[in-house]
Amino acid sequence: MKPQRKVEAYQQFVLDCKIYWSTQVYPELQSHYSHLADQAQRSGNKAPTQAREAQALLADSTLYQFYAWYERHLQRMKYSGRMGLVPHFDSERDTLEARLAEADSLDNLQLDPAFQPPRYYTSFDVHQHPKGLAGDSLAGLVYEQASRSTTPLLRRDRDLHHRFTAELLARVRPKRMVDLGCGFGKSTRPFYQEVSGIELTAVDLSEPCLRVAALNARDDQASGVRFLQRDAADTGLEAGRFDTVTSTMLLHELPPPHLERVVAESFRLLEPGGTVIHLDFLVPDPDPFKRFIHYSHGRRNNEPFMEPLNELDLVALHKQAGFTEVEILPFEEAEGTLAPGYRAWRFPWAVVIARK
Ligand SMILES: C[S@@+](CC[C@H](N)C(=O)[O-])C[C@H]1O[C@@H](n2cnc3c(N)ncnc32)[C@H](O)[C@@H]1O
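Residues numbered from 1 in each chain as written. Predicted model: local features only at pLDDT ≥ 70, side-chain atom pairs only at ≥ 80, totals over all residues. Heavy atoms only, no water.

Here we look at the environment of Ile19
Within the secondary structure, Ile19 is located in helix α1 (residues 5-42). The exposure class of Ile19 is buried, given its relative accessible area of 15%. It is 35 Å that separates the C-alpha atoms of Ile19 and Asp231, two residues lying 212 residues apart in sequence. (Helix = DSSP H or I, 4+ residues; strand = E, 2+ residues; numbered from the N terminus. Buried < 20%, exposed > 50% of the residue type's maximum accessible area, 1.4 Å probe, protein only.)

Written out as C-alpha cells, the structure reads:
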C-alpha cells in the first residue's frame, strides 16, 4: 500500500531528519568525542578502551544527549503518532486484511495456528514497532514499509540485499538453501530471483511477515520457494539436506542461549561441506566510541541483544558447534562505505561464514 500524500510527506521528513542525523550530527559527535578523549589524556587520565568508558566520557555531553534523543524519537515518529505507519495502515485495515487472507490459499506458505513464539520475541516492541512483528495482523506490511528507511543513506532499496546475495554467490552455488528469519521475504527474494532451480526454504516466527513474503513471491511468480512458520532454533527440517544456510539481520535479534541453538540447528541442517553465511552487525574493532554508539543504538531501537552478540566470541561458538573455517569479514553495504574517509553513521555490517 502506498501511504497517503500527507503521510508520505511526513515519513519523508522523518527520513530527511535521519539523513541529517547520520551525515551531520554523528560526525560532529565523533569529533567531539575525540576532543574529549584527548583532553582526558592531557589531564593524565587513560584513554577509554571500553564502551562503558566512552559512555562515561560522553555522560555530560549535550551533543550526545541530543544525538541519542533525536535517534530514539525519529524511530518512534516513523511508527507512532498521527502520521506514523501503524495508525496509517490501521486506517485501511479491512482492505489490507482481505489482501493478506489471500495467502491462505497459497501453496508456498505453511502457517502453524498452534505456534508459540519464544518468550523473548513477544516481551518487548522490537524496533519500537508497537506490538512488535507478530502482535498485529498488519505488522508485516508495516515492517515492509518501515524497512525502506532503516538504512537512511541507502536510497536504492534493493542495494543491500542484492549486494549480500552477490557476496554469497561469489562463495557458494546454492541448490538447497534455508533463509533463517526471512521476515517479509526481502532477504529471500534476491535468491529466488537470481538462482535458477534453487530449492529455497525460508522460516520466520511472524505470521504477518510470512503472509507478506508468500504474497510477494506469488506476485513475483517465483517457484521453488516456501515460507514456513518455524523457530530458527528448531526448524523441524530434514538434517543434512541443505548445502547453504543463511540469515540477514537475525543474529542480533536473538538472546545468547537462543543464538547458540540457532548455530547448532544450522550445523544440523547442513550437509557435510555445506556453508553457513550470516549478515549482521558486528563492530569490527575494539574502538570504544563505535562500540558504545552501536550498543546504545541497540537500546534506543529496542534491540537488547545487539550488545551481547558483539561481546560473544562468534568464531568459538561456531567451532564448538562443529564448524570449521570460520571467518568474520566486514561487509560494504553500499559503494564506498568502508573507505577510511567515510564519516556518516552506518551499521557495522559484517558477514559470518563457516563450513561444516
Ligand atoms: C531484522 S528482521 C530481518 C528480516 C529479513 N531477513 C530481512 O533481511 O529483511 C529479523 C527477523 O527475524 C525474525 N526472528 C526473530 N527471532 C527468530 C527466531 N527465533 N526464528 C525465526 N525468525 C526469527 C523476526 O521475526 C524478523 O522477521
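Back to the text.
Overview of α1
Here α1 is 38 residues long and its end C-alpha atoms lie 54 Å apart, about the 56 Å a rise of 1.5 Å per residue gives. If you look at α1, its biggest bend is around 35°, right at Trp21. Where α1 terminates, the next one or two residues include Gly44, which has phi positive at roughly 90°. (Expected span 1.5 Å × (residues − 1). Bend = angle between axes of the 7 residues up to and from the residue.)

Here's the deal with the side chain of His318
Topologically, His318 is positioned in helix α14 (residues 314-321). What makes His318 buried here is its relative accessible area of 1%.

Structural notes on the packing of helix α2 (residues 51-58) against helix α12 (residues 288-300)
Following both chains from N to C, one finds α2 and α12 inclined at 85°, their axes separated by 8 Å at the closest point. In terms of their interaxial angle, α2 and α12 are classed as roughly perpendicular. Here Ala51, Ala54, Gln55 and Leu58 of α2 lie close against α12, whose contacting residues are Pro288, Phe289, Arg291, Phe292, Tyr295 and Arg299. Here the residues of the contact of α2 with α12 sort into seven nonpolar, one polar and two charged. (Axes fitted to C-alpha atoms, helices over the stretch in contact; angles between N-to-C directions. Parallel < 35°, antiparallel > 145°, perpendicular 65-115°, else oblique. Contact = heavy atoms within 4.5 Å. Nonpolar A, V, L, I, M, F, W, Y, C, P; charged D, E, K, R; others polar.)

Comments concerning the packing of aromatic side chains
Tallied over the full model, the rule gives 21 aromatic pairs. On the numbers, 6.4 Å between centres and 25° between planes, the contact of Phe66 with Trp69 is stacked. You can see Phe66 and its partner Trp69 sitting in helix α3 (residues 62-79), three residues apart, about one turn around the helix. Taking relative accessible area as the criterion, Trp69 reaches 48% and is therefore assigned partly exposed. One aromatic cluster is present, built from ring pairs that chain together Trp21, Tyr26, Tyr33, Tyr64, Tyr67, Phe281, Phe289, Phe292, Trp345, Phe347 and Trp349. Between Lys356 and the ring centre of Phe267, over which it is positioned, the NZ or CZ distance is 4.6 Å. (Phe/Tyr/Trp six-rings, centres within 6.5 Å; stacked < 30°, edge-to-face > 60°. Lys NZ or Arg CZ within 6 Å of the ring centre and 35° of its normal.)

So, the domain arrangement of the chain
Interface extent is often summarised as the accessible area lost during association of the parts. Parsing the chain into structural domains produces domain 1 (5-86) and domain 2 (148-355). Here the C-alpha centroids of domain 1 and domain 2 sit 26 Å apart. Domain 1 puts 28 residues into the contact, and the matching count from domain 2 is 22 residues. Here domain 1 packs against domain 2, burying approximately 2300 Å² in sum over the two surfaces, 60% of which is carbon and sulfur. Counting across the domain 1 and domain 2 interface gives one salt bridge. Glu71 is the partner of Arg300 in a salt bridge, and the nearest nitrogen-oxygen pair spans 2.4 Å. For the pair domain 1 and domain 2, the number of links is ten residue pairs in polar contact (both at pLDDT 80 or more). (Domains from an automatic or database assignment. Buried area = accessible area lost by both parts, 1.4 Å probe. Salt bridge = Lys/Arg side-chain N within 4 Å of Asp/Glu carboxyl O. Polar contact = N/O pair within 3.5 Å; in protein donor to acceptor, adjacent residues only side chain to side chain.)

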